[in-house]
Amino acid sequence: MLETKTFRGLPFSLSPALTEKIWLFTPASSSAQPCQLFLGLSGHVKSSVDVDVHFWRIENHQLLFLDHDASLLWQSVNIEYRTDGRMVVALKDPCGNISALLEEQDPKQLPSDTSQNDVPSPQPTKENSSTPSIDDAEFVFPSDLERTSSALKRVLIIGSSIAALCHEQLTQQHPDIQFDFVPYEYVAPLLTALPVSAEEYDLIYLQPSLRSVLGDDIVWGERFNTSGFGDHVLANGHATLKQFVQHIADFRTQAKTPLLVTNFLTPQQQPVPYTRSATISLSLRDIVQQLNTQLEGALNKYPDMRMLDLDAVSSIVGKRYLQDDLVYFYTHNGIMFQDWDDFGTVKRDTPIPDIQTFYPSKRAAIGTLLFRQMIWGLRTLRHTDAVKAVIFGLDNTLWRGCLTEDNPGQPLPRQDGWPMGLWETIQYLRGRGIAIALCADSDKETVTTLWDKIIEPRFLSLEDFDCVELGSTPVNEAIRTICDTLKLKPAEIVVVEASAARCAVLAKTEPDIRIIGNNPYLLRRILLWAAETQAYTQNNLLMPILAPETETETETETETETETHIDATINMSSLLLAMQCQVSSHRITSEDTDLFPYISQLAKASLIINRTECAAEDMHMWLKSEGNILLAFSIKDRFADYGIAGAIFARKHDIQIFLLSARVQGLGIENFLLTEAAQIIYNQYGEKDITVSIPNNAEATATRNIYIRAGFLPVDANNDLETLRLPAGHLPKSNPYVTRT
């Protein structure tokens with residue numbers, strides 16, 4: 001599906017997959033001939049003949065065709081469907097004249113003599129290439145070892161911009177799964193009122209906000225030239241992230257639903273304001289990397305939580321196709337294809353081409369990639385199809401070629417390249433607690449004699465294997481002996497074997513065993529990256545190697561004392577107090593027209609879901625109506641001055657709209673703003689219940705929680721709206737961390 005994206009929330013679906021169709025473009029001019037067009041994912045228009053159309057895009061629910069300089073040529077004016085379901089799009093020129101048609105073609109009815117030159121050459125895929133390619137999701141999260149599917153019914157997505165875009169994509173790509181989305185762009189307790197109970201979700205996907213952890217102080221890059229500034233930012237980031245992890249732990253007590261938390265994207269290039277310095281080296285990239293390390297270590301303490309390494313995944317796929325720090329500020333930590341650019345809406349002397357023309361994004365693959373990462377994380381937590389032992393062959397597996405006793409004078413197999421990678425792979429699998437065995441029909445004496453000559457450097461020794469079966473014993477019997485020795489079932493075993501004959505015997509006699517090995521270039525990635533090999537045995541970890549036992553105990557005691565001290569001194573209260581948040585209240589009248597545009601813009605960007613729209617041209621008349629109150633709030637903290645970042649519209653005792661910028665959520669000011677409004681309402685119209693109506697759906701969960709925490713009580717709910725009330729005379733709980741200016 002293609003859509004016009006909004007900054008958050010569900011997308012507006014516009015059409016089927018236009019890029020998968022062949023189109024006949026027919027200009028109205030009698031001198032122009034019809035031609036076939038192909039709409040590329042990159043935004044380019046491809047054709048077998050020379051045409052003036054260069055680019056295409058979707059904007060404001062219309063299909064646009066653009067010239068090479070991004071000037072408008074045609075836009076859709078009407079879309080109809082033939083009886084067989086094919087689309088016909090009428091196009092108008094900039095003057096408003098219908099001057100072309102775009103007709104979807106039926107591939108079955110294309111001329112039989114259509115040559116390969118008539119259509120662009122397809123990219124190699126598993127279906128159309130003799131050498132199958134691997135898509136991004138399969139490359140990073142191989143499925144070769146899966147035996148049991150991980151079917152999902154309902155998933156909760158919580159977080160910032162990446163989470164919102166993930167929700168958009170997955171809702172379209174997997175219509176059979178219910179994806180709920182709750183915005184979370186701050187460091188504060190997670191929501192307690194979810195769309196459904198936490199137990200009903202198969203998993204919860206949480207994407208934290210880097211901006212909320214680090215603040216906006218780092219935007220002024222020059223400050224990194226000040227000695228100690230980077231260390232100060234990092235220390236604050238560590239403290240804030242520690243509090244965030246505590247909020248996750250508190251949230252986790254609601255249910256044991258698997259919780260997957262993404263880490264932060266590091267900048268594509270090292271963002272330093274200085275060129276070289278002998279004394280200053282801590283940059284934003286260093287800070288983000290250390291925060292990622294802290295987050296992973298903290299989550300590893302919980303068996304039902306796991307960090308998803310989004311930063312590493314984006315690096316593997318190519319950050320240039322994903323990350324938006326080429327345009328946005330560094331800590332925005334978003335993905336390039338979100339629609340925050342105003343292409344085509346701002347008049348300029350020189351038109352701006354679509355951003356895809358010079359910063360191509362893998363927008364079609366990103367949803368698949370994120371979903372596959374979710375499944376990978378869930379399988380690792382549940383230990384689905386977990387591998388407990390890997391049995392390796394020798395010839396063309398652990399070394400190139402064959403080693404035989406029949407020709408002792410032949411050259412020894414080469415060891416460089418992929419065999420050396422497999423040697424290291426074995427050591428990492430051992431580190432995860434996975435048993436390693438060797439099974440081959442080679443002569444044991446020959447292998448033992450030549451092992452150290454072939455395995456050079458000596459990354460691997462025969463003593464590293466938990467079980468060794470060499471000789472002429474049939475492979476199925478040898479494997480059964482290994483299973484008995486290791487006390488494992490065949491389904492818990494993976495065999496890495498290059499011999500087609502031996503694999504065929506195993507497949508017939510031991511169908512539960514997973515067999516790989518026909519392509520040595522795939523082995524290392526599968527064995528190290530597959531979810532099924534991520535589980536480990538705790539007993540094999542953290543073995544003392546260098547430190548004496550007494551020293552380890554002393555170190556642990558010191559670490560525990562330090563953690564206790566941090567827990568006692570770093571809490572939410574101290575963090576909020578350190579933010580030094582200040583709020584100025586403004587009672588807006590119909591004469592304050594200069595402030596209307598700011599409030600209107602706030603309405604468009606606010607996270608709070610509102611019952612009514614708010615447009616600048618309506619405010620003047622709305623304020624003239626008796627009983628209507630409009631309050632605007634200017635907010636700043638020690639990091640930044642956010643300007644007008646909050647507003648409340650009320651009609652006597654009914655709060656109709658509550659706007660709050662995502663940039664200030666989590667500062668603890670929600671109760672403060674509602675208290676300001678309640679006091680004015682009571683003073684002017686008397687002490688009666690103050691009510692608010694919010695949408696009765698999952699998207700309004702964040703809004704509902706703000707009111708509930710402020711002391712509002714549920715009154716009534718129907719299919720569309722839920723009504724909450726603040727009892728007469730009551731005020732929301734005061735906030736000592738916010739000061740009035």
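Just above, that's the structure.
Sequence order as written defines residue numbering, which begins from 1 separately in each chain. For this predicted model, a pLDDT threshold of at least 70 governs which residues receive local features, and a threshold of 80 or more governs which side-chain atom pairs are given and counted, while totals over whole chains, interfaces and linings are taken from all residues. In computing side-chain properties, one takes all heavy atoms of the structure into account and sets aside hydrogens as well as water.

Draft legend 1. Just the overall build of the protein chain, in detail. Looking only at helices and strands, the protein chain features 18 helices and 28 strands. Classification of the 741 residues of the protein chain by burial places 49% in the buried group. Put simply, 66% of the contacts in the protein chain that link residues at least 6 apart link residues at least 24 apart. As presented, the protein chain carries roughly 36,500 Å² of accessible surface, and 50% of it is formed by carbon and sulfur atoms. Numbering of helices and strands runs from the N terminus; a helix is a DSSP stretch of H or I covering at least four residues, while a strand is a stretch of E covering at least two. Relative accessibility under 20% of the residue-type maximum defines a buried residue, over 50% an exposed one, and the middle range a partly exposed one, all with a 1.4 Å probe and only protein chains included. In this analysis, two residues are considered to be in contact whenever any of their non-hydrogen atoms come within 4.5 Å of each other. All accessible-area figures derive from a Shrake-Rupley calculation using a 1.4 Å probe, and residue coverage is judged against the displayed protein chains alone.

Draft legend 2. The sheet that holds strand β17 (residues 435-440), seen in detail. In space, the five strands of this open sheet follow the order β18-β17-β16-β19-β20, with parallel pairing throughout. With partners counted over all chains shown, the strands left at the sheet margins are β18 (467-470) and β20 (514-516), one partner each. Looking at each pair of strands side by side, their axes are set apart by 20 degrees on average, direction ignored. Whether two strands pair depends on DSSP finding at least two bridges between them. In the sheet, strand β16 (residues 389-392) pairs with strand β19 (residues 493-496) via four bridges, with the strands oriented parallel. By the bridge assignment for β19, F392 is matched with V496. Simply put, an axis is a line fit to the C-alpha atoms, just over the touching stretch for a helix, and the angle between two N-to-C directions goes from 0 to 180 degrees. Each of β16, β19 and β20 touches helix α12 (residues 520-529); the most contacted strand, β20, lies at about 140 degrees to it.

Draft legend 3. Seen up close, the sheet that holds strand β15 (residues 305-308). As summarised here, the arrangement of the five strands in space is β12-β11-β13-β14-β15, forming an open sheet in which the pairing is parallel. Of all strands in the sheet, those with a lone pairing partner are β12 (178-183) and β15, marking the two edges. Here the strands of the sheet are splayed against their neighbours by 20 degrees on average, with no regard to which way each runs. As paired strands, strand β11 (residues 154-159) and strand β13 (residues 203-207) are joined by five bridges and run parallel to one another. Bridged to I157 within β13 is Y205. Contacting β11, β12 and β13, helix α2 (residues 161-173) runs over the sheet at an angle of about 160 degrees to β12. On top of the sheet, helix α5 (residues 284-299) reaches β14 (259-262) and β15; it is set at about 160 degrees to β15, its chief contact.

Draft legend 4. Representation of the packing of helix α4 (residues 229-252) against α5 in the model. Between α4 and α5, the shortest axis-to-axis distance is 10 Å and the interhelical angle comes to 25 degrees. In terms of their interaxial angle, α4 and α5 are classed as roughly parallel. Handedness of the crossing formed by α4 with α5: right-handed. The segment α4 lies against α5, with G230, V233, L234, G237, H238, L241, K242, F244, V245 and I248 engaging I287, Q290, L291, Q294, L295, A298 and L299. Throughout this entry, Asp, Glu, Lys and Arg are counted as charged residues, while Ala, Val, Leu, Ile, Met, Phe, Trp, Tyr, Cys and Pro are counted as nonpolar. The remaining residues, Gly among them, count as polar. Grouping the constituent residues of the contact of α4 with α5 by class yields eleven nonpolar, five polar and one charged. Working rule for angles: under 35 degrees goes down as roughly parallel, over 145 as roughly antiparallel, 65 to 115 as roughly perpendicular, anything else as oblique. Crossing chirality is assigned from the near helix's rotation relative to the far helix, an anticlockwise turn below a right angle marking it left-handed and a clockwise turn marking it right-handed.

Draft legend 5. Looking closely at the side chain of Q373. When you line up the elements, Q373 lands in helix α7 (residues 363-382). Overall, the relative accessible area of 2% leaves Q373 in the buried class. With residues near it in sequence (within four places) discarded, Q373 still touches F141, L308, D309, L310 and V313.

Geometry only, nothing functional implied.
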